[in-house]
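Residues per chain, in single letters:
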Amino acid sequence: MSTSATSSASPAMREALRETAEKLFADIRELSFDGVGVTRESYGRRETETGDYLAAFAQSQGLTVSHDRAGNYIFSNPGLAPEQPAIWVGSHIDSVPQGGNFDGLAGVIAGLLCQVSGQHSAAPLRTIAFRGEESAWFGKAYLGSSALFGKISAADLELVQRSSGQTLDECMASVGADMAAIRAGEPLFDKKQVLAYLELHIEQGPVMIARDLPLAAVNGIRGNIRHNRIECLGEAQHSGVVPRWLRRDAMFAVSDLIMRLDAHWKELLERGIDLVVTAGIVQTDPAEHSISRIPGQVSFSLEARSKSADTLEAFYQLVQAELQAVGKERGVRFVTDRRLRSDPATMHPRVCQVLMAACAALGVAHDSIPSGAGHDASLFANAGIPSGMLFVRNQNGSHNPHEAMEMDDFLLGVHALSEAIHTLGSDL
Ligand code: GLV
Ligand code: MN
Ligand code: MN
């Protein structure tokens, strides 16, 4: 019989948990509503307001609130000494611009609910709310967790926030992060403090809905290779007078490049290789572009994601070859900014098994599936910390304002997480 308390809780306690969850999501949605969706800028105002709101809630429930040296929020069980090893549950409190309320926030609220339900096992437990997971703001993902592991470079600190133009260095400093240590690339904590890392997250994709799976354990997380900005430089000219063979049209060149990459991608998929490719930003300069002008300059972003680091490198070589070939054939030049890379990660088999068993104990349909999206859990897994993720199915995808999640599914996830914490706590 389960001794984890959320699954053996009385109906009244379950109802109280639901009310608390609904209130937390509703209040934070309200404070971060932007008129379209939610916006919680990495190392910005609404991310901080979200963290402060959760800190006030945690305090009201008797949890200890602190910040790590990267400015992330830590909520510890009462009586847990600051350095005491514990199971960590984490996720992020920032969002993409005009995003949904559940990406990241669901995992932090789930951790807090496991703590405040007060009936889980005696496992030492902490919830960490990361700042800066979303690459949308500075062009680089996992900033709060990377800082913790001493993995923010000097070049990263010079990245600028998309709307304010402030550097990452300035923004991290503004939330009280230990900039001297971050600039020196020092790890900001002793990873032995983390006995296991668990992250609950919405799936963000359509698979679990299609397969009717409320919950799933994640077996691995895709990594990526990215350029935030590649410039294609051609020649701006009158659109009516230059024949095709004399044009150096940057837009046609970029389109050609993207279609060539699509053909490679299709071929790699046919060979069973895991890969997704995206050019999420494509721009001509509004100050000079016009319907009657051949674009002389186009900038675009490029991202490839895969579970395999080798695939990422091999695809990157293809990109390089095609940049050269298109440049030569169309009389343009491509200039790339710094290449960014996030490593793929494998979740710990024992943690995965514990999460699967927790879903089974609740009688919930589940499976083990890969994550196409990136998560802070990948940093913990790649640091050798036993790590696992629990997905909750969600409607309407993610990184858009229509993102949705059924509260029943979320509460099942909280129960499974609580059960898994209990089991892992008894392993320790
Ligand atoms: C995280 O949101 C990602 O871009 O995968
Ligand atoms: Mn996201
Ligand atoms: Mn996320």
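Here the structure is a predicted model, which is why all the values come from computation and not from measurement. (Residues numbered from 1 in each chain as written. Chains lettered and ligands numbered in written order. Predicted model: local features only at pLDDT ≥ 70, side-chain atom pairs only at ≥ 80, totals over all residues. Heavy atoms only, no water.)

> How do you make sense of the overall build of the protein chain when you look at a structure like this?
A count of helices and strands for the protein chain gives 14 helices and 17 strands. In terms of overall size, the protein chain behaves like a compact globule, its C-alpha atoms giving a radius of gyration of 23 Å where 428 residues would be expected to give roughly 22 Å. When its C-alpha atoms are laid out on the principal axes, the protein chain stretches across 80 × 45 × 40 Å. Looking at the 428 residues of the protein chain, the share that counts as buried comes to 54%. Across the protein chain, the fraction of contacts at a sequence separation of at least 24, relative to all contacts at a separation of at least 6, is 78%. For the protein chain, the exposed area adds up to about 17,700 Å²; of that, 53% sits on carbon and sulfur atoms. Between the mean site of the 37 positive side-chain charges and the mean site of the 51 negative ones, the protein chain shows a separation of 5 Å. (Helix = DSSP H or I, 4+ residues; strand = E, 2+ residues; numbered from the N terminus. Rg over C-alpha atoms; globule rule 2.2 N^0.38 Å. Buried < 20%, exposed > 50% of the residue type's maximum accessible area, 1.4 Å probe, protein only. Contact = heavy atoms within 4.5 Å. Areas by Shrake-Rupley, 256 points an atom, 1.4 Å probe, with all protein chains shown as cover. Lys, Arg positive; Asp, Glu negative; His and termini not counted. Charge placed at Lys NZ, Arg CZ, Asp CG, Glu CD.)

> How do you make sense of the packing of helix H10 (residues 250–270) against helix H11 (residues 309–330) when you look at a structure like this?
To describe two helices that pack against each other, one gives the angle between their axes and the distance between the axes. Where H10 meets H11, the closest approach of the two axes is 10 Å, and the angle between their N-to-C directions is 145°. When the axes of H10 and H11 are compared, the crossing they make is right-handed. Counting all contacts with H10, which are made through Phe252, Ala253, Asp256, Leu257, Arg260, Leu261, His264, Trp265 and Leu268, the residues of H11 involved are Phe315, Leu318, Val319, Glu322, Leu323, Ala325, Val326, Glu329 and Arg330. For the contact of H10 with H11, the class distribution of residues is twelve nonpolar, one polar and five charged. (Axes fitted to C-alpha atoms, helices over the stretch in contact; angles between N-to-C directions. Left-handed = near helix turned anticlockwise from the far one by under 90°. Nonpolar A, V, L, I, M, F, W, Y, C, P; charged D, E, K, R; others polar.)

> Explanation requested: the site of ligand 1 in the structure shown.
Taken together, Glu133, Glu134, Arg226, Arg305, Ala373, Gly374 and His399 make up the full set of residues near ligand 1. A distance of 2.6 Å separates an oxygen atom of ligand 1 from a polar atom in the backbone of Gly374. Residue His399 places a side-chain N or O atom 3.0 Å away from an oxygen atom belonging to ligand 1. Computed on the free molecule, ligand 1 has an accessible area of 190 Å², of which 93% lies beneath the protein chains in the complex. (Near = heavy atom within 4 Å. Polar contact = N/O pair within 3.5 Å; in protein donor to acceptor, adjacent residues only side chain to side chain.)

> Just checking my understanding: could you explain the coordination of the manganese ion (ligand 2) for this structure?
Ideal geometry at a metal centre: 109.5 degrees between donors when four sit tetrahedrally, and 90 or 180 degrees when six sit octahedrally. Protein coordination at the manganese ion (ligand 2) comes from Asp103 (OD), Glu134 (OE), Glu134 (OE) and His399 (NE2), with a distance range of 2.0 to 2.8 Å. Each donor residue of the manganese ion (ligand 2) lies on the same chain, and together they follow the pattern D-x30-E-x264-H. Separating the manganese ion (ligand 2) and the manganese ion (ligand 3) is a distance of 3.5 Å, and Asp103 donates to both of them. One end of the pair, Asp103, is in the loop between strand E3 (86–92) and helix H3 (105–116); the other, Glu134, is in the loop between strand E4 (125–130) and helix H4 (135–138), with 31 residues separating them in the sequence. (Donors = N, O, S within 2.8 Å, 3.2 Å for Na, K, Ca; no water.)

> Before we go on, may I ask you to explain the pairing of strand E12 (residues 297–306) in this structure?
Walk down a regular strand and you will see the side chains alternate between the two sheet faces. E12 sits mainly inside the fold: nine of its ten residues count as buried. As paired strands, strand E7 (residues 223–233) and E12 are joined by nine bridges and run antiparallel to one another. Of the residues in E12, the one forming a bridge with Asn224 is Arg305. Pairing geometry for strand E9 (residues 276–278) and E12, over three bridges, is antiparallel. Along E12, the bridge assignment pairs Val277 with Ala304. Here strand E10 (residues 282–283) runs beside E12; their pairing, made up of two bridges, is antiparallel. (Pairing = 2+ DSSP bridges.)

> Hey, could you run me through the packing of helix H1 (residues 11–32) against H3 in this one?
Here H1 crosses H3 at 145°, and the two axes come no closer than 11 Å. The two elements H1 and H3 meet at a crossing, and its hand is right-handed. Facing Leu17, Thr20, Ala21, Leu24, Phe25 and Ile28 of H1, the residues of H3 in contact are Leu105, Ala106, Ile109 and Leu113. Of the residues in the contact of H1 with H3, the class split is nine nonpolar, one polar and no charged.

> Help me understand the pairing of E4 in this model?
Burial runs high along E4: six of the six residues are buried. Side chains Leu125, Thr127 and Ala129 of E4 all project onto a buried face; the interleaved residues Arg126, Ile128 and Phe130 project onto the opposite face, where all are buried too. Note that strand E2 (residues 73–76) and E4 share four bridges and pair antiparallel. Counterpart to Ser76 in the pairing with E4 is Arg126. Relative to E4, E3 is paired through six bridges, and the arrangement is parallel. Paired with His92 across the strands is Phe130, a residue of E4.

> What is the right way to read the pattern of salt bridges from this model?
Side-chain pairs of opposite charge can arise whenever the charged atoms involved come near each other. Per the stated rule, a full pass over the model turns up 29 salt bridges. A salt bridge links Arg18 to Glu15, with the nearest nitrogen and oxygen atoms 3.9 Å apart. Taken together, the positions of Arg18 and Glu15, both in helix H1 and three residues apart, correspond to about one turn of that helix. You can call Arg18 partly exposed: its relative accessible area is 22%. The salt bridge partner of Arg46 is Glu41, with a shortest N-O separation of 3.0 Å. (Salt bridge = Lys/Arg side-chain N within 4 Å of Asp/Glu carboxyl O.)

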